[in-house]
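Residue-level structural notes
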Amino acid sequence: MKKCSTIIAAVMLGCCGLRAQADGDDSFVPANPPQMQRLTNFDSPAWRAAGHFLRGVNLGNYLEVPPGQSWRVTASAGDFALMRAQGFDHVRVPVGWHHYAGPAPDFALSPEIFSRVDFVVTNALDAGLSVIINIHHFDELDQNPAAATAEFLKIWGQIAAHYAKFPQRLAFELDNEPHANATTAVMNPIDARAIAEIRATNPHRTIFVEPGGWGSIGELKHLVLPPDDNVIVSAHCYDPFYFTHQGATWAGPDPKVTGIQFPGPPKKPLVPDPSLKLHPWVLDWIHRYNTLPADKNPCSPLAFEGKLKYCRAWSDYYGRPVHIGEFGCFTTADPASRARFYGAFRRAAEQERLGWAIWDWNAGFRYWDRQNHRPMPGLREALFGK
Ligand code: BGC
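In what follows, the accompanying structure is described. (Residues numbered from 1 in each chain as written. Predicted model: local features only at pLDDT ≥ 70, side-chain atom pairs only at ≥ 80, totals over all residues. Heavy atoms only, no water.)

1. Thoughts on the overall build of the chain
We count it as follows: Strands here are runs of E lasting at least two residues and helices are runs of H or I lasting at least four, both read from the DSSP assignment and numbered beginning at the N terminus. Radius of gyration here is computed from C-alpha atoms only, and the compact-globule reference equals 2.2 Å multiplied by the residue count raised to the power 0.38. When a residue's accessible area, from a 1.4 Å probe over protein chains only, is under 20% of the maximum for its type it is buried; when over 50% it is exposed; and in between it is partly exposed. Pairs of residues are marked as contacts when any of their non-hydrogen atoms sit within 4.5 Å. Only the protein chains shown count as cover for residues, and all accessible areas are computed by the Shrake-Rupley method using a 1.4 Å probe. Under the convention used here, Asp and Glu are negative, Lys and Arg are positive, and both His and the chain ends fall outside the count. Where a charge sits is defined by one atom per residue type, namely NZ (Lys), CZ (Arg), CG (Asp) or CD (Glu).
Broken down by element type, the chain carries 13 helices and 10 strands. Here the chain has a C-alpha radius of gyration of 20 Å; the compact-globule value for 386 residues is 21 Å, and the two agree. With respect to the three principal axes, the spread of C-alpha positions in the chain is 60 × 50 × 40 Å. Residue burial in the chain is summarised as follows: out of 386 residues, 57% are buried. Put simply, of all contacts in the chain between residues at least 6 apart along the chain, 77% involve residues at least 24 apart. Carbon and sulfur atoms make up 57% of the accessible area of the chain, which totals about 15500 Å². Taken together, the 37 basic and 38 acidic charged side chains of the chain have centroids lying 6 Å from each other.

Here's what the structure looks like:
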């Protein structure tokens, strides 16, 4: 699907391993640290902005790719018009800014990365899309948050100054999928400093913040946000993981089995190849996928409905909009299952009044079939039908 540097490959491995774990009980009980204030104005800038980030698509595997590598994704002005015409209202643009930062103490960003991001942002805005730009795969911040904080803040200071006069339909997202040593608790004060840095030049800009644990929904309960009224919380959900990541070579040893359909159970039980030497928990999941009825099957909307409900309840209680910044399914799954999955997830998110963004536009989890100039089978109906 793409060429990964060793670091990125390691990141993805850990990432997907953790994503595979259940978040536990999905019922909502207010549990955030007492410093997390509840906001009570549901007509704040954040809530109004959330209405511009309802149905989105990630321009994945493009501007986050380290310099000198290509993961075979290109983007032209026409892509943004296409996204809009398909029905998306926003595009999330992962960016590897840190690859273009000069030495300490200024960490000056190169003009090259600004011109590439400007191209995407201006064309997307011109096409009528709202836009989220983030910092993606900033490994140093995940491994050693204390040491990388100065760079993180300097990068945001420069991005914020550069885009200060851009329309408010451009939003910033602080950090994609914090993980490893960048736990939610460690990142809370660092994110608060980044928000303050951005606010110095962008008092009205919408800012998205992700919790740790790879942006997992189960981590929302550890967030402490400043009482800023233009912050949206973003979480990621790739459940059911063995279905969505089947055959994903970067995703560790567990999602090796392909041929998993959505929803389960399959008509003919799936018999995994013993030479794959699957872990007992994967074999157990496959057994339940093969045998449990639709209303109890782990490869069904049960895998995400409770989590999305939790997001809604958390959001209502803490007074912060929640956005699902990534969900999706690799193209190794059969096309009909992919379409059913995207449709079921999208409907469940909308049922809970959550904005969403699929992973991705035209890479390994693609919506758009560039070769044939049309959406992948069933995906338009899945995302924009009833
Ligand atoms: C990563 C992608 C990956 C996707 C699905 C994203 O967060 O940035 O590289 O393909 O998750 O695993």
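2. A short note on the nonpolar core
Where we set the bar: What makes a nonpolar core is a set of buried Ala, Val, Leu, Ile, Met, Phe, Trp, Tyr and Cys residues whose side-chain atoms join them at distances within 4.5 Å.
With 110 residues, the main nonpolar core has F88, W97, I133, F152, Y163, F304 and Y342 as its most contacted residues. Discounting chain neighbours no more than four positions away, the residues touching W97 are L109, I113, F114, V117, I133, N134, I135, I155, I159 and Y163. Core analysis: the second largest hydrophobic core is formed by eight residues, A49, F53, F208 and I232 among them.

3. Considering helix 4 (residues 111-126)
An α-helical turn contains 3.6 residues, so any two residues separated by three or four positions project in the same direction. To keep it simple, the criterion reads: By definition here, a helix of n residues has an expected span of 1.5 Å times n minus one.
Taking 1.5 Å per residue, 16 residues should reach 22 Å; helix 4 reaches 22 Å between its end C-alpha atoms and fits that length. Of all the residues in helix 4, the buried ones are I113, F114, V117, V120, V121, N123, A124 and L125. For helix 4, the secondary structure elements touched by its buried residues are helix 3 (77-86), strand 2 (90-93), strand 3 (130-134), helix 6 (145-162) and strand 4 (170-173).

4. Quick look at the sheet that holds strand 4
Strand pairing in a sheet relies on backbone hydrogen bonds, with the paired strands running either antiparallel or parallel. To be explicit about the condition: If DSSP finds at least two bridges between two strands, the strands pair. Comment: axis = line fitted to C-alpha atoms, over the contacting stretch for helices; angle = value between 0 and 180 degrees taken between N-to-C directions.
Taken together, eight strands build a closed barrel; the order of strands is 1-2-3-4-5-6-7-8 and the barrel is parallel. Neighbour to neighbour, the strand axes of the sheet diverge by 25 degrees on average, direction disregarded. Running at roughly 170 degrees to strand 5 (residues 207-209), helix 7 (residues 184-199) makes contact with strand 4, strand 5 and strand 6 (231-236) of the sheet.

5. Considering helix 10 (residues 280-291)
Selection rule: It is the directions from the helix axis to the C-beta atoms that the arc portrays.
The terminal C-alpha atoms of helix 10 lie 16 Å apart, and with 12 residues this matches the ideal 16 Å at 1.5 Å per residue to within 8%. The complete set of buried residues in helix 10 reads V282, W285, I286, Y289 and N290. Axial view of helix 10: buried residues confined to an arc of 135 degrees, hence all on one face. Where the residues of helix 10 are buried, they touch helix 9 (241-244).

6. Looking at the state of the cysteines
Stated precisely, the cut-off is as follows: Pairs of cysteine sulfur atoms within 2.5 Å are identified as disulfides in what follows.
Under the defined criterion, the tally for this structure stands at zero disulfides. Here C299 is not disulfide-linked; the sulfur of C329 is the nearest cysteine sulfur, at 9.0 Å.

7. Observations concerning the packing of helix 11 (residues 302-318) against helix 12 (residues 335-351)
Under the convention used in this document: Any angle from 65 to 115 degrees is called roughly perpendicular, while one under 35 is roughly parallel, one over 145 is roughly antiparallel, and all others are oblique. In this scheme the handedness of a crossing depends on how the near helix is turned from the far one: anticlockwise by less than a right angle means left-handed, clockwise means right-handed. In the scheme used here, Gly and all other residues not listed as nonpolar or charged are polar, with Ala, Val, Leu, Ile, Met, Phe, Trp, Tyr, Cys and Pro taken as nonpolar and Asp, Glu, Lys and Arg as charged.
Remark: helix 11 packs on helix 12, axes separated minimally by 9 Å, with the N-to-C direction vectors making an angle of 20 degrees. As far as their axial angle goes, helix 12 and helix 11 are roughly parallel. Relative to helix 12, helix 11 is oriented so that their crossing is right-handed. Counted together, F304, E305 and L308 of helix 11 and F341, A344, F345, A348 and A349 of helix 12 form the full contact between these two elements. Its residues assigned to classes, the contact of helix 11 with helix 12 shows seven nonpolar, no polar and one charged.

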